[in-house]
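# Breakdown of the fold
Read off the chains here:
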Amino acid sequence: MYHLPVLLHPVLDALVCSPEGIYVDATFGGGGHAEGILQKLEGKGRLYAFDQDADAERNAAHPPFAENAHFTFIRSNFRHLKNQLRAEGVRPGTVAGILADLGVSSYQLDTAERGFSYRFEAPLDMRMNHSDQKTAADILNTCSAEQLQDILSRFGELRNARTLAQALVRRRDQLPFRSTGDLLEIARQHLAGDRMRYLSQVFQALRMEVNDELGALEDFLKAALEMLAPGGRLCVITFHSLEDRMVKHFMKTGNVEGVPETDFYGNKSHFFTILSKKPIEADATEQQQNPRARSAKLRVAARALF
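Now for a description of the structure that goes with this document. Being a predicted model, the structure only gives us computed values, none of them experimental.

This part is about the packing of helix α9 (residues 180-187) against helix α10 (residues 195-210). Axis separation between α9 and α10 bottoms out at 11 Å; the angle between their running directions is 130°. Classified by the interaxial angle, the pair formed by α9 and α10 is oblique. Considering how the two elements wind past one another, α9 and α10 form a crossing that is right-handed. Here α9 contributes T180, L183, L184 and A187 to the contact with α10, which in turn contributes Y198, L199, V202, F203 and L206. Here the contact of α9 with α10 is composed, by residue class, of 8 nonpolar, 1 polar and no charged.

Here it is, written out as structure tokens:
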């Protein structure tokens, strides 16, 4: 199993308002959300699914997706959503609903050779798309101490980011980083707080930098705004405070900085109607069945009608 789809029923209830519409699952993964969307469409609408991962593409080659006339898989980072949809003949302002689940799948974390997890000895890769050149090892071996501190502080929210960054630079001056074990050797010497949480934050920070996850998210949100029809739904599941803040700001103001746009007369521009004043979280039953859901937050908004 790739992984259990998080918040599946809240997503389907919020996303699919008309079975005849065009929908997008921008993070296909194992296809759990996509399968639920197709069932809601009842053979009437159209679902486009995006993923840059080759394993996800292989998942899309099996039922219920293979040879389904209502389903199209697009091997691409979701930051290219607008251009890819236009290439498929989908016009801006015509999409009924767009979903993005920003979490790394359990399958990716459990695939040792990807280097996403501190639990396995593996090359320090962490690329979602292997056609990209920059790896986690490249970052550790080339970035300055100040750059590493910024990565660890912003993306990992480490209290001792400066200390760890300096230790990483001292180590690479003696021997370059190549494997997850090389990184663990240094990170374990500078633990601050809970061991598992700390190591997860270190690996998370590097993964987010390798894949430019926040930059891709901003590009995706801008593209989603253009592609959604008036009243179309945008559903985004986040697992990181920075991502959640960006999504919250974008839904409120139309930009990730959260700065309201105004016209000549000072009237604020209105891009979305917020449908979830507070993020939707998994109930106790789902959290027990799927521990990954504990940190998931779903935000829902509808494209403004004018």
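Let us now look at the sheet that holds strand β1 (residues 22-25). Reading across from one edge, β3-β2-β1-β4-β5-β7-β6 is the order of the 7 strands in this open sheet, with mixed pairing throughout. Two strands bound the open sheet, and with one partner strand each, they are β3 (71-75) and β6 (272-274). Here the average twist between neighbouring strands, direction ignored, is 20°. Pairing of strand β4 (residues 95-101) with strand β5 (residues 228-238) involves 6 bridges; the strand directions are parallel. Looking at the pairing, D101 lines up with I237 of β5.

Of all hydrophobic cores here, the largest spans 66 residues; its most connected members are L81, I98, F220 and L234. Counting residues per element, this core draws most heavily on helix α11 (residues 213-227), at 9 residues. Here I98 is in contact with L15, V24, L81, F220, A224, M227, L228, R233, L234 and C235, once residues within four sequence places are set aside.

Burial analysis of β4 places 6 of its 7 residues in the buried class, the great majority of the element. Pairing of β1 with β4, which is carried by 3 bridges, proceeds in the parallel orientation. Bridge pairing in β4 places V24 opposite I98.

Cis rather than trans, the peptide bond between P63 and P64 has omega equal to 5°. As for its placement among the helices and strands, P64 is situated in the loop between α3 (54-59) and β3. The phi torsion at L7 lies on the positive side, around 55°, for a residue other than glycine. Take L7: it is sitting in the segment before α1 (8-15). Residue classification places L7 among the buried residues on the basis of a relative accessible area of 0%.

Of all 8 residues making up α9, 6 are buried, and the element is well covered by its neighbours. Turning to α9, its buried residues are T180, D182, L183, L184, I186 and A187. Its buried side turned inward, α9 meets α6 (136-142), α8 (161-174) and α10.

Moving on, we come to the packing of aromatic side chains. Summed over all chains, the structure comprises 6 aromatic pairs. Ring geometry for F28 against F71: centres 5.8 Å apart, planes inclined by 45°, an arrangement best described as tilted. Of the two residues, F28 is situated in the loop between β1 and α2 (32-41) and F71 in strand β3; the sequence distance between them amounts to 43 residues. Each member of the pair, F28 together with F71, is buried. Here the aromatic cluster, defined as three or more aromatic residues joined through ring pairs, consists of F28, F65, F71 and F73. A cation sits over an aromatic face here: R171 above F177, 4.9 Å from the ring centre.

Another aspect to go through is the environment of F155. Mapped onto the fold, F155 is located in the loop between α7 (145-154) and α8. In this view, F155 contacts D150, Q204, A205, M208, E209, L214, H240 and L242; residues no more than four positions away in its chain are not counted.

Rules of the game
- Residues numbered from 1 in each chain as written.
- Predicted model: local features only at pLDDT ≥ 70, side-chain atom pairs only at ≥ 80, totals over all residues.
- Heavy atoms only, no water.
- Axes fitted to C-alpha atoms, helices over the stretch in contact; angles between N-to-C directions.
- Helix = DSSP H or I, 4+ residues; strand = E, 2+ residues; numbered from the N terminus.
- Parallel < 35°, antiparallel > 145°, perpendicular 65-115°, else oblique.
- Left-handed = near helix turned anticlockwise from the far one by under 90°.
- Contact = heavy atoms within 4.5 Å.
- Nonpolar A, V, L, I, M, F, W, Y, C, P; charged D, E, K, R; others polar.
- Pairing = 2+ DSSP bridges.
- Core = buried A, V, L, I, M, F, W, Y, C linked by side-chain atoms within 4.5 Å.
- Buried < 20%, exposed > 50% of the residue type's maximum accessible area, 1.4 Å probe, protein only.
- Phe/Tyr/Trp six-rings, centres within 6.5 Å; stacked < 30°, edge-to-face > 60°.
- Lys NZ or Arg CZ within 6 Å of the ring centre and 35° of its normal.

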